[in-house]
Amino acid sequence: ALEFVEGDAMGFTGSQLLATPVEPGQEAEISVTLTAPNTPGTYRSDWQLSNEQGSFFGLGANANVSFYVQIIVQ
């Protein structure tokens, strides 16, 4: 599943389950609907994936770094 971990959730609630399991080395497309805030500024939303047991994993040598979306609202 795709899990929001910190920052501005931009309207996202809950988890985004993947349609099918993704094995190590495989690729998958994931999409979620986010809503930009009304107030101008820079907004960042950090995300990680989780396995069937609910354990988080991500990027980096230890697979513990989140990835993020950042937008600028003008």
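Structure: above.
The structure reproduced in this document is the subject of the present report. Because the structure is predicted, anything quoted here is derived from the model rather than measured.

1. What to know about the overall build of the protein chain
If you tally the helices and strands in the protein chain, you get zero helices and five strands. Ordered by position in the sequence, the α and β elements of the protein chain form the string β-β-β-β-β. Dimensions of the protein chain, computed from the C-alpha atoms along their principal axes, are close to 40 × 25 × 20 Å. Every one of the 74 residues in the protein chain was classed for burial, and the buried ones make up 19%. A separation of at least 24 residues holds for 57% of the contacts in the protein chain among residues at least 6 apart in sequence. Accessible surface, the protein chain: about 5500 Å² in total, of which carbon and sulfur atoms supply 49%.

2. Notes on unusual backbone geometry
Positive phi is not limited to glycine here, since Met10 has a value of about 50°. Considering the arrangement of structural elements, one finds Met10 in the loop between strand E1 (2–7) and strand E2 (15–16). Under the relative-accessibility criterion, Met10 is labelled buried at 3%. Of note in this structure, Ala63 is not a glycine but carries a positive phi near 55°. Here Ala63 is to be found in the loop between strand E4 (56–57) and strand E5 (67–73). Judged by relative accessible area, which is 31%, Ala63 ranks as partly exposed.

3. Here's the deal with the packing of aromatic side chains
In the structure shown here, the tally under the stated rule is two aromatic pairs. Ring geometry for Phe4 versus Trp47: centroids 5.6 Å apart, planes at 75°, classification edge-to-face. Of this pair, Phe4 sits in strand E1 while Trp47 sits in strand E3 (residues 41–50); the two residues are 43 residues apart in sequence, bridging distant segments of the chain. Residue Trp47 is classed as buried on the basis of its relative accessible area, which comes to 2%. Here Phe12 and Trp47 contribute two aromatic rings whose centre-to-centre distance is 4.9 Å and whose plane-to-plane angle is 70°, an arrangement assigned as edge-to-face. One end of the pair, Phe12, is in the loop between E1 and E2; the other, Trp47, is in strand E3, and 35 residues separate them in sequence. Pair check on accessibility: Phe12 and Trp47 agree, each one buried. Put simply, the rings of Phe4, Phe12 and Trp47 touch in pairs and so form one group of aromatic residues.

Calculation notes
Residues numbered from 1 in each chain as written. Predicted model: local features only at pLDDT ≥ 70, side-chain atom pairs only at ≥ 80, totals over all residues. Heavy atoms only, no water. Helix = DSSP H or I, 4+ residues; strand = E, 2+ residues; numbered from the N terminus. Buried < 20%, exposed > 50% of the residue type's maximum accessible area, 1.4 Å probe, protein only. Contact = heavy atoms within 4.5 Å. Areas by Shrake-Rupley, 256 points an atom, 1.4 Å probe, with all protein chains shown as cover. Phe/Tyr/Trp six-rings, centres within 6.5 Å; stacked < 30°, edge-to-face > 60°.

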